[in-house]
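Examination of the molecular architecture
What follows is each chain in one-letter form.
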Amino acid sequence: VIRGMFHILELLANRVLPGYWVLLTVMSFIILLWRGLNKKIVIVHMVIIMTVIGMTPVFDIFASIRHLIYLLPFLLVAAAWCVPFLEARDWRFANITFSILILVTLATIIPIKTFGYKHMGLPVVQDHWAVWAAQNIDGKVVIVEGADILRMSQHYERKGIRVPKRFTDVQRSIQTIRPGIYKDLASAVEDFRRLGVEYVITDKNHIKRRPYLREIADEKWKNVFQHLGYYEIGDPGAVLYGVNIYRFNYVNN
């Protein structure tokens, strides 16, 4: 929980807004508690509080900036609420200071990228494991994260040189399945057999969301899960790292 909360604060300060806006927001919380609840602003603070509380338990395992970006207007309003308070306390430079912060933010914030016609086209997969898998396996594949990359890779030509002009040029032969939550690998194997799973793909980051998949590396499972390959990292822009690919030999036990 603690690590999840700090992960949220890190993303807010480094990815959503510059750190001083987050500090102003924290200051507004302190003022709110010190001066008493203000009906006009408390709902803004409640949205921020409920978001942090609700996402803290899972952000230690899985986190994405897209889950926090909607807080941007709430953070700005909460931070701006400090200004009239400081003015009421006869701090004459409140407006000037706040205006400078706005100008600095506009001057330093990451620019929004626009993509013209030359950028339009089929995406290129940078993950080596996905290109290999698309060319060498077929059937049902269990994978926690990266199914979209694997599906995209199936549109490469067999040599992986380029992507065909139309997605309909390629017959997709891989069906991806996100594994469920089980107490151990033995329980998962029963469902894998029932579903007709043929391959399992794990990666170093998202395996934390399904800890039982770590048991695949145990010696007792070596005949059930045949290790086909390990990919540490792909080309710049690759999404997954530390990827292992296994063949699921459900006949063996």
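For every chain, the first residue of the written sequence is number 1, and numbering continues from 1 onward in sequence order. For this predicted model, a pLDDT threshold of at least 70 governs which residues receive local features, and a threshold of 80 or more governs which side-chain atom pairs are given and counted, while totals over whole chains, interfaces and linings are taken from all residues. The basis for every side-chain value is the complete set of heavy atoms in the structure, and neither hydrogens nor water enter the calculation.

Some thoughts on the overall build of the protein chain
The numbering of helices and of strands both runs from the N terminus, where a helix is a DSSP run of H or I of at least 4 residues and a strand a run of E of at least 2. The number of helices and strands found in the protein chain is nine helices and five strands. Along the protein chain, helices and strands appear, N-terminal first, in the series α-α-α-α-α-α-α-β-α-β-α-β-β-β. Only protein chains enter the area calculation, which uses a 1.4 Å probe; residues under 20% of their type maximum are buried, those over 50% are exposed, and those in between are partly exposed. Considering the protein chain as a whole, with its 253 residues, one finds that 38% of them fall into the buried category. Taking the contacts inside the protein chain whose residues are at least 6 apart along the sequence as the reference set, 69% of them involve residues at least 24 apart. Note on definitions: a residue-residue contact is assigned when non-hydrogen atoms from the two residues lie within 4.5 Å.

Concerning the side chain of Ser153
Turning to its location among the elements, Ser153 is positioned in helix 8 (residues 147-153). The class for Ser153 is buried, based on a relative accessible area of 2%. Pairs of N or O atoms are called polar contacts if they sit within 3.5 Å, as long as, within protein, a hydrogen donor faces a hydrogen acceptor (for residues adjacent in sequence, only side-chain-to-side-chain pairs). Of the polar contacts made by the side chain of Ser153, one reaches the backbone oxygen of Ile149; its length is 2.9 Å.

Observations concerning helix 4 (residues 72-80)
What sets the pattern is the α-helix's 3.6 residues per turn: residues three or four places apart point alike. Along helix 4, the positions that sit buried rather than exposed are Leu75, Ala78 and Ala79. Along the axis of helix 4, the buried residues cluster in a sector spanning 100°; they form a single face. Taken from the helix axis, the directions to the C-beta atoms give the arc we talk about.

What to know about the pattern of salt bridges
Salt bridge, as used here, is a side-chain nitrogen of Lys or Arg placed within 4 Å of a carboxyl oxygen of Asp or Glu. As enumerated under the stated definition, the model contains six salt bridges in all. A salt bridge links Glu145 to Arg178, with the shortest nitrogen-to-oxygen separation between them at 3.1 Å. Here the residue Glu145 occupies a position in the loop between strand 1 (139-143) and helix 8, and Arg178 occupies one in the loop between strand 2 (174-177) and helix 9 (185-195), the gap between them amounting to 33 residues. Assessed through its relative accessible area of 49%, Arg178 is described here as partly exposed. One salt bridge connects Lys204 with Glu232, and the closest N-O pair in it is separated by 3.9 Å. Taken as a pair, Lys204 in the loop between strand 3 (197-202) and strand 4 (225-231) and Glu232 in the loop between strand 4 and strand 5 (243-248) lie far apart in primary sequence, 28 residues in all. A relative accessible area of 40% means that Glu232 is categorised as partly exposed. Taken together, the shared-partner salt bridges connect Glu145, Arg178 and Arg209 into one network.

Brief notes about the environment of Val200
With respect to the element layout, Val200 can be found in strand 3. Taking C-alpha positions, Val200 is 9.6 Å from Thr176, a pair spaced 24 residues apart along the chain.

Things to note about empty space enclosed by the protein
Using only the protein atoms, space was sampled on a 1 Å grid; points where a 1.4 Å probe fits but cannot get out form cavities, open sets with protein on both sides within 12 Å along at least five of seven lines form pockets, and lining residues are those with an atom within 4 Å of a point. Grid points are joined across faces, edges and corners, and a volume is the space filled by probe spheres set on the points. A complete count under the given rule lists one cavity of 30 Å³ or more for this structure. One number sums up the size of the largest cavity: a volume of about 30 Å³. Along its surface, the largest cavity is lined by Asp127, His128, Trp129, Tyr231, Glu232, Ile233, Gly234 and Leu240. Any residue outside Ala, Val, Leu, Ile, Met, Phe, Trp, Tyr, Cys, Pro, Asp, Glu, Lys and Arg is labelled polar, Gly included; the first ten of those are nonpolar and the last four are charged. Its residues assigned to classes, the lining of the largest cavity shows four nonpolar, two polar and two charged.

A look at the layout of surface pockets
Roughly 160 Å³ of volume is contained in the second largest pocket. Taken together, Leu9, Leu12, Val22, Thr25, Val26, Phe29, Ile48, Ile49, Val52, Ile53 and Leu75 form the lining of the second largest pocket. Breaking the lining of the second largest pocket down by element, the ones donating at least two residues are helix 1 (2-16), helix 2 (19-35) and helix 3 (39-59). Looking at the lining of the second largest pocket residue by residue, the classes come out as 10 nonpolar, one polar and no charged.

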